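Each chain is listed here by its residues.
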Amino acid sequence: MGTPNAVGDWSSEMEVSAFRRLFPLRYYERHLSESIRPDARPLKRARDTIVSLGAVASSDGSALAKIGSTTMLAAIKMEVMTPSVDSPDEGSVAVEFHMPPICSPVVRPGRPAEVAPVTSKQLFDCLLSSGMIDLKELSLIKGKAAWMAYLDIYCLDADGALFDAALLSAVAAFSHLRIPVVSLNDEGRMVMVSKELEGEKLDKEPVDKERRKLSLKSIPFSLTCILHKNYILADPTFEEESIMETFITVVLNSSGQLVSLYKSGGPVLAHTSAIQECVALTRQRMKELEEIIDEAISTMEID
Amino acid sequence: MNGLSLGEKLFVQGGIAQDLRSDGRKRLTYRPIYVETGVIPQANGSARVRMGGTDVIASVKAEIGRPSPLQPNKGKVSIYVDCSPTAAPVFEGRGAEELSTELSVALQRCLLGGKSGAGAGIDLSSLIVVEGKVCWDLYIDGLVVSSDGNLLDALGAAIKAALSNTGIPRVHVAAEASGEDQPELDISDEEFLQFDTSEVPVIVTLTKVGRHYIVDATLDEESEMSSALSVSINRKGLICGLTKRGGAGLDPSVVLDMISVAKHVSEQLTDRLDSEISAAEAVEEE
Amino acid sequence: MAGGASATAPSTYSPSPNQKKKPPLFKDGDLDWVRPDGREFHQCRPAFFRTGAVNAAAGSAYAEFGNTKVIVSVFGPRESKKAMMYSDMGRLNCNVSYTTFATAVRGQVLDQKESSSMLHKALEGAIRLETFPKTTVDVFALVLESGGSDLPVVISCASLALADAGIMLYDLVTAVSVSCLGPNLVIDPISEEESYQDGSLMITCMPSRYEVTQLTITGEWSSARINEAMQLCLDACSKLGKVMRSCLKEAASASEES
């Protein structure tokens, strides 16, 4: 019953949707041989991508990123901490990636998804090692107080390429971030300077003059590709990820340097040429994403 | 689940329709209530309430704590209910978790009042020792020992009895501390302050079976219910909390009618409970 | 803030505005006070609903009432988890969670267990459980931002998501709460109003059948006041029901065209 010939015979009689569910791999390979994917994309094209800034009013910086139907909501909350002794003039960043049960049928409440902590760590590494954020900019008073940026990313809809979407939303949230204006009170704690008082003469000098932006340098962008036989599929959907199991995620920063490269095993062993191709695809994708982010920033500034 | 046969079900329903329930009660009659106070010597206050086959214990433990910065002039009260596996086989393991949470939430809603403290059975500001620094934390624990329906009313009554049995040690502030330090305390082990429990509401659950509602339903009767309304009512006849159980929808006019019936029933229940509690305390003192 | 540099101070803190005491929202007997967002006492926030927010789910809906934003996904009917006993009725499983940035202070713990059980109780009476025996329908809600009246918004949004998933319902479930602030009843309260409230009343109902599926009251109420508050909520529920119905119709006609 499971022999390839039998499948071939059935395929002419079966409804397409039934065939897709019963023999997903054959269904895909049939498409790939025609250089097209079931969602009508060429193999190496990423899905439509949207970024909108300022989605969460209660945060200091936030962004919503959508790649196809994969949706990520990232928000940053700034809190004050005492900097560590090793680096008294640096702030800190904490990244948490959440997969709430709403995002996918495979996540159930009470049992967090396994990939969530792994992705959190990968995102943290990428954001810091890319050199995008200068932690010294998060310092308030050397050795006394510094900012801790809590970045929380929620996956609202999981349809593949979660890391790419999460990184994009994180980067966008940082570009939307405005650091609150604070001043030191009598008890040695930082307090927010309320909006009404901003611009007026204060009895205590605020640490910053105005709501400050971070100067972001060399922003990281990523692209995940699937390797299957000789094919390379950029920006996979959930269905593609569950059928074909070898991924490569390339992260480049905006100066074109390689930030990181993940290939977590999988049945396909990649040739160097395939990896080079993935890097080249990421470089193209980076240009698209840069434009999308720039556009999101400029629309926000017009508003 | 109570495995009733079709005949038994009809018997229960028919009895309720004719205002003569299986155990001979009328629709709005409670089973006899037995109250015992001071059953747990280690607790600051405790009580056991029995109504037919339903047997519950409530205990109150007071500990010195810190008021929350959001409400510096109030103490804290937490209510938690546990269902003993001896009460029913389904309560074994995590089986009772859902019911325990439901009862805990319902009791909190019925006894602790609104956010600002209006309608609370326990005056939280009476628990404060030093504003913003020291307060009493009350831990109220309910235990269901045996269950034959109407757990919420029984637990409400047990908590009321336990609170009136509670003595909170008098605290003398030895040295008024300045600034951030915690003041030094001298907790008396002889002088106790009593609670004023006249404001603690009673809970009346009306269970709707067919077109009629009954009070103090047994387990058999509860298995035939379409929905139930638990109303907590204080001595002034004001409603301090309300929860609905059971999925079936109710017409708004029925809800209002049930509330007014509950109010009527609560007057008798409050009086009866108060006399039972004072009788129990008299026995304990002997 | 009480206890500035105490030993139990967390390693990080939120630099909250320097206010020793918040001014009360209104003073007793002050009849001229206005609600912080300028609404009238008996006026709800504008409601926005959209179905199909999450593609991975069988049905989903997004709701936005002022600053309160929630997403609800429905999965199933699918296999019941945990070696459950045979049941010829379907099961309903509900879960409500909050994002860490939902509240003003990061990670403020809100009672998610209570909300989950309230959501379950509000919905179960409206679902035709007998239409999916042996299986479970999962209703998961995520509160993106908490701006007050969270639970009523979650409940209304969940019933819309159930309808979007094609689960058989007797009627949509709409929910509205009122807060009691001194002598006034304010409908659809925001977080600030909720934190000052003397009492609250929440109704969830099926507007077309005119049936109450869930009702909770806290605080001290007289019967007449309960009557008044219920009437207020029921009127608002039926209006909300119309908004939700038109949202479903729009979604249906949009999918027909494409």
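Owing to the predicted nature of the structure, the values given are computational and were not obtained by experimental measurement. (Residues numbered from 1 in each chain as written. Chains lettered and ligands numbered in written order. Predicted model: local features only at pLDDT ≥ 70, side-chain atom pairs only at ≥ 80, totals over all residues.)

1. Concerning the overall build of chain B
Looking only at helices and strands, one finds 5 helices and 12 strands in chain B. Taking 19 Å as the expected radius of gyration for a compact globule of 286 residues, we find that chain B reaches 20 Å, a close match to that expectation. Expressed along its principal axes, the backbone C-alpha trace of chain B runs to roughly 70 × 40 × 40 Å. In chain B, which comprises 286 residues, the proportion classed as buried is 44%. When contacts within chain B are restricted to residue pairs at least 6 apart in sequence, long-range pairs at least 24 apart make up 68% of them. (Helix = DSSP H or I, 4+ residues; strand = E, 2+ residues; numbered from the N terminus. Rg over C-alpha atoms; globule rule 2.2 N^0.38 Å. Buried ≥ 20, exposed ≤ 12 C-beta atoms within 10 Å, placed from the backbone. Contact = placed C-beta atoms within 7 Å.)

2. Quick notes on the UniProt feature "domain: Exoribonuclease phosphorolytic" (unreviewed entry) in chain B
UniProt records the feature "domain: Exoribonuclease phosphorolytic" (unreviewed entry) at residues 30-169 and 200-263 of chain B, using the numbering of this structure. Here residues 200-263 of chain B runs as 25% helix and 41% strand, with 15 Å between its end C-alpha atoms. (UniProt positions renumbered as here; feature names shortened; annotations may be inferred.)

3. Thoughts on the sheet that holds strand 13 (residues 246-253) of chain A
All names here are of chain A. Strands sit in the order 12-11-13-14 across an open sheet of 4 strands; the sheet is antiparallel. The two strands at the open ends of the sheet, each matched to only one other strand, are strand 12 (231-234) and strand 14 (258-262). Across this sheet, the average inter-strand angle for adjacent strands is 20 degrees, counted without regard to direction. Sheet topology places strand 11 (residues 220-228) next to strand 13; 8 bridges connect them, and they run antiparallel. Pairing of Pro220 across the sheet is with Asn253, part of strand 13. Across the face of the sheet, helix 4 (residues 115-129) comes into contact with strand 11, strand 13 and strand 14 while running at roughly 160 degrees to strand 14. The strands that helix 5 (residues 162-176) touches are strand 11 and strand 13; relative to strand 11, the one it contacts most, it runs at about 175 degrees. (Pairing = 2+ DSSP bridges. Axes fitted to C-alpha atoms, helices over the stretch in contact; angles between N-to-C directions.)

4. Structural notes on unusual backbone geometry
Going from Gly76 of chain C to Pro77 of chain C, the amide bond is cis rather than trans, its omega being 5 degrees. Of note in this structure, Ser35 of chain A is not a glycine but carries a positive phi near 60 degrees. In this fold, Ser35 of chain A is placed in the loop between helix 3 (24-33) and strand 1 (49-53). Accessibility expressed as a C-beta count within 10 Å gives 10 for Ser35 of chain A, which makes it exposed. In this model, Lys229 of chain A sits at a positive phi of 50 degrees, which is unusual for a non-glycine residue. Relative to the assigned elements, Lys229 of chain A resides in the loop between strand 11 and strand 12.

5. Some thoughts on the nonpolar core
Core analysis: the biggest nonpolar cluster contains 232 residues, and Ala158 of chain B together with Val72, Val139 and Val154 of chain C have the highest contact counts within it. In terms of residues, this core owes the most to one element, helix 5 of chain A, which gives 11 residues. Excluding residues that lie within four positions of it along the chain, Val139 of chain C makes contacts with Val72, Val74, Leu92, Cys94, Leu119, Leu123, Ala158, Ala161 and Leu162 of chain C. (Core = buried A, V, L, I, M, F, W, Y, C linked by C-beta atoms within 7 Å.)

6. Here's the deal with the pairing of strand 6 (residues 134-146) of chain B
All names here are of chain B. Bridge count for strand 3 (residues 54-65) against strand 6 is 11 bridges, and the pairing is antiparallel. The residue bridging Ile64 from the neighbouring strand is Trp136, located in strand 6. Note that strand 4 (residues 76-83) and strand 6 share 8 bridges and pair parallel. Counted as the bridge partner of Ser78 is Tyr139 from strand 6. Here strand 5 (residues 128-130) folds back onto strand 6 in antiparallel fashion, the turn holding 3 residues, of which Gly132 has a positive phi close to 80 degrees.

7. Let's talk about the confidence of the model for chain C
As a general rule, the predicted coordinates of low-pLDDT regions are not to be interpreted in detail. All names here are of chain C. Residue-level pLDDT values for chain C average 84, and 87% of them are 70 or greater. Scored below 50 in pLDDT, residues 1-10 makes 12 contacts in the model with residues more than four places away or belonging to other chains. Note that residues 18-22 has pLDDT below 50 and, in this model, 2 contacts with residues that lie over four places away or in other chains. Here the predicted complex carries an ipTM of 0.85, next to a pTM of 0.88. (pLDDT = per-residue confidence, 0-100.)

8. Digging into the interface of chain A and chain C
Listed per partner, the contact involves 37 residues of chain A and 29 residues of chain C. Counting residues per element, the ones that place at least two in the side of chain A that touches chain C are strand 3 (70-81), strand 6 (145-157) and strand 9 (190-192) of chain A. Its residues assigned to classes, the side of chain A that touches chain C shows 23 nonpolar, 7 polar and 7 charged. Judged from the 2 bridges that link them, strand 3 of chain A and strand 1 (residues 12-13) of chain C form a sheet pairing that is antiparallel. What sits directly across from Val80 of chain A, in strand 1 of chain C, is Tyr13 of chain C. (Nonpolar A, V, L, I, M, F, W, Y, C, P; charged D, E, K, R; others polar.)

9. Comments concerning the interface of chain C and chain B
If you look at the interface, chain C gives 39 residues, while chain B gives 32 residues. Contributing elements (two or more residues each) for the side of chain C that touches chain B: helix 1 (112-124), helix 3 (191-196), strand 9 (199-206), strand 10 (211-221) and helix 4 (223-257) of chain C. The element contributing the most residues to the side of chain C that touches chain B is strand 10 of chain C, with 11 residues. Within the side of chain C that touches chain B, the residues separate by chemical class into 13 nonpolar, 17 polar and 9 charged. Relative to strand 10 of chain C, strand 12 (residues 239-245) of chain B runs antiparallel, the two sharing 3 bridges. Residue Gly241 of chain B lies in a different strand from strand 10 of chain C, and its bridge partner there is Thr218 of chain C.

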